[in-house]
There are 2 protein chains.
Amino acid sequence: MPNKVAYLGPPGTFTEEAGILHDSAAEFLPFSSVFAVASAVEAGTADEGVVAIENSIEGSVNDTLDLLIHQSKLLIRKELVLPITLCLMAKPGTRKEQVNLIYSHPNPLGQSRKFIERCFPKAEVVAAMSTIAAVEEMKGLDRPAAAIAPRRAAELYEVDILAQGIQDQATNVTRFVVLAAEDHPPTGDDKTSISFTFAEDKPAQLHGVISAFAARDINLAKIESRPAKGRLGEYVFLIDLQGHRLDRKVAETLREVAGKTSTLKVFGSYPRFRYQAPEGDGGKL
Amino acid sequence: MPNKVAYLGPPGTFTEEAGILHDSAAEFLPFSSVFAVASAVEAGTADEGVVAIENSIEGSVNDTLDLLIHQSKLLIRKELVLPITLCLMAKPGTRKEQVNLIYSHPNPLGQSRKFIERCFPKAEVVAAMSTIAAVEEMKGLDRPAAAIAPRRAAELYEVDILAQGIQDQATNVTRFVVLAAEDHPPTGDDKTSISFTFAEDKPAQLHGVISAFAARDINLAKIESRPAKGRLGEYVFLIDLQGHRLDRKVAETLREVAGKTSTLKVFGSYPRFRYQAPEGDGGKL
């Protein structure tokens, strides 16, 4: 039986691309929210769930952090970092010079603004609910229109790619995580994600936690504070550290941190992603 | 002469609301990007600029952080924290029961999904480039439509508010900053925002900076690490600390931190915002 992978749909999104990179042989099940993806995995409808966690252009990643902090017992089993490569696509036979209407979600439209101003200064720019809705609407029109969407959408909807890598920021990447009932066994090059809170807001507290990691030479890959849900002025701290929660020195430190914090939640340990350079022609036509 | 305040327009956005909260007697100048707002202040076209810095629903706040980190010498003079109150609005005389089409930017549509499912399960939901474009398109239609936008848009476009506070998360707030050539003199209850980087990625480095603040009992209101622009694996750290950069112990610590970091940029010192409870009826009709 193939692995069943739930993801934030519809088909053709960057999250589906991340799912295919994770396990191209899997059966993919699209869901309409991050919460629904997690529910599908918790209920056993899917084995794993793929959701964006940082810098997505297709929806709020706060949903994923809120899920991990407050709502779910699922663990992070894997991370995936994808270059966000936006493509301009149109119905087969459409020539670039003809395009006078461009559809997409406002976020990718904003991220491709310089490309549009340079190459299609006279085109009408129209908002869609998602990049996929943009491709569908573009296909339904009689006039020569184009849509901005991930490459995968062009395959699914059988349209032609007129230009790729058209986003203004060449280095734009999104980080995805694979959620499951269990995290990943140690591989020797792992990361662990945790969240914690303090009962009181004192300078020495965060310092105490950071010291605990520094004392054992554990590197922090990421640190972030976020307002606690519904309690203004209180913060949840998020840390990604290098190492596996089963490594002796990480395990010791986490026990120490548990004693210094009001709540501590370990989101899981997983192999550090090895980066591949983004492709794209920088929007040249 | 009134104070001239540049902001991320068009008129009717949450950023304009923040500007009015900042100085209701000012002359307001809308610009189409965060970068254009800063340029207007730097060129002297405006005295101050208002932009969102955290958790906006109207566009990417990464633009503001990138501006402060990399592109501008402007300082933060003030912070403003606004509850994001979304309103459902329609042409005068439209009854709630008639509404069968709802326009907005996909982000506020997503944030009001439960309200729409509960109160308008049969309505068609259509994307617009911004909340303001949604109100304009709704006004141009013959069928009974509504738009989801900030309250201020209803005044500007002379439409009626059918429901307010319709966002699913009652506690959703956005933080704005006022940028100017100079920051704010000390008031006794201030914050200072800084960014810094390290030449090498070692556990002891961030610990050294946090220790410097903890040693002088300086509280950190916020801490965040972000990938450095264009250099994967390198990070820029952002800290909001309590106190003014001219306070003796803050000034001493900043000098110490400058010696521990590769780059240190002070974004400015400004009075801490006093929160007012959000209004809204939770989307009841």
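*Asks:* So what exactly am I meant to see when it comes to the interface of chain A and chain B here?
*Replies:* Counting residues at the interface gives 41 residues for chain A, matched by 42 residues for chain B. Interface of chain A and chain B: buried area, both sides summed, is about 3000 Å²; carbon and sulfur atoms make up 60% of it. In this assembly, chain A and chain B are joined by zero salt bridges. The interface formed by chain A and chain B holds six residue pairs in polar contact (both at pLDDT 80 or more) in total.

*Asks:* Would you mind showing me how to read the sheet that holds strand β1 (residues 4-8) of chain B here?
*Replies:* Sheet strands pair by backbone hydrogen bonding; their relative direction is either parallel or antiparallel. Residue and element names in this part refer to chain B. In space, the five strands of this open sheet follow the order β2-β1-β3-β10-β4, with mixed pairing throughout. In this open sheet, the two strands that pair with only one neighbour each are β2 (27-31) and β4 (75-83). Direction aside, neighbouring strands of the sheet carry axes that sit 30 degrees apart on average. Relative to strand β10 (residues 173-180), strand β3 (residues 48-54) is paired through five bridges, and the arrangement is antiparallel. Looking at the pairing, glutamate 54 lines up with arginine 175 of β10. Sheet strands in contact with helix α1 (residues 14-22) are β1, β2, β3, β4 and β10, and its direction is about 110 degrees off that of β4. With respect to the sheet, helix α3 (residues 62-71) is in contact with β3, β4 and β10, its orientation differing from that of β3 by roughly 115 degrees.

*Asks:* Help me out: how do you make sense of the sheet that holds strand β7 (residues 124-127) of chain B in this one?
*Replies:* All names here are of chain B. Overall, mixed pairing links the five strands, which are arranged β7-β6-β8-β5-β9 in an open sheet. Among the strands making up the open sheet, the edge pair consists of β7 and β9 (160-164). Taking the axes of each pair of neighbouring strands and ignoring which way they run, one obtains an average angle of 30 degrees across the sheet. Where strand β5 (residues 86-90) lies against strand β8 (residues 145-150), four bridges are found, and the strand directions are antiparallel. Paired with leucine 86 across the two strands is proline 150, which belongs to β8. Contacting β5, β6 (101-104) and β8, helix α6 (residues 131-139) crosses the sheet at an angle of about 155 degrees to β8.

Reading guide: rules and limits
- Residues numbered from 1 in each chain as written.
- Chains lettered and ligands numbered in written order.
- Predicted model: local features only at pLDDT ≥ 70, side-chain atom pairs only at ≥ 80, totals over all residues.
- Heavy atoms only, no water.
- Contact = heavy atoms within 4.5 Å.
- Buried area = accessible area lost by both parts, 1.4 Å probe.
- Salt bridge = Lys/Arg side-chain N within 4 Å of Asp/Glu carboxyl O.
- Polar contact = N/O pair within 3.5 Å; in protein donor to acceptor, adjacent residues only side chain to side chain.
- Pairing = 2+ DSSP bridges.
- Helix = DSSP H or I, 4+ residues; strand = E, 2+ residues; numbered from the N terminus.
- Axes fitted to C-alpha atoms, helices over the stretch in contact; angles between N-to-C directions.

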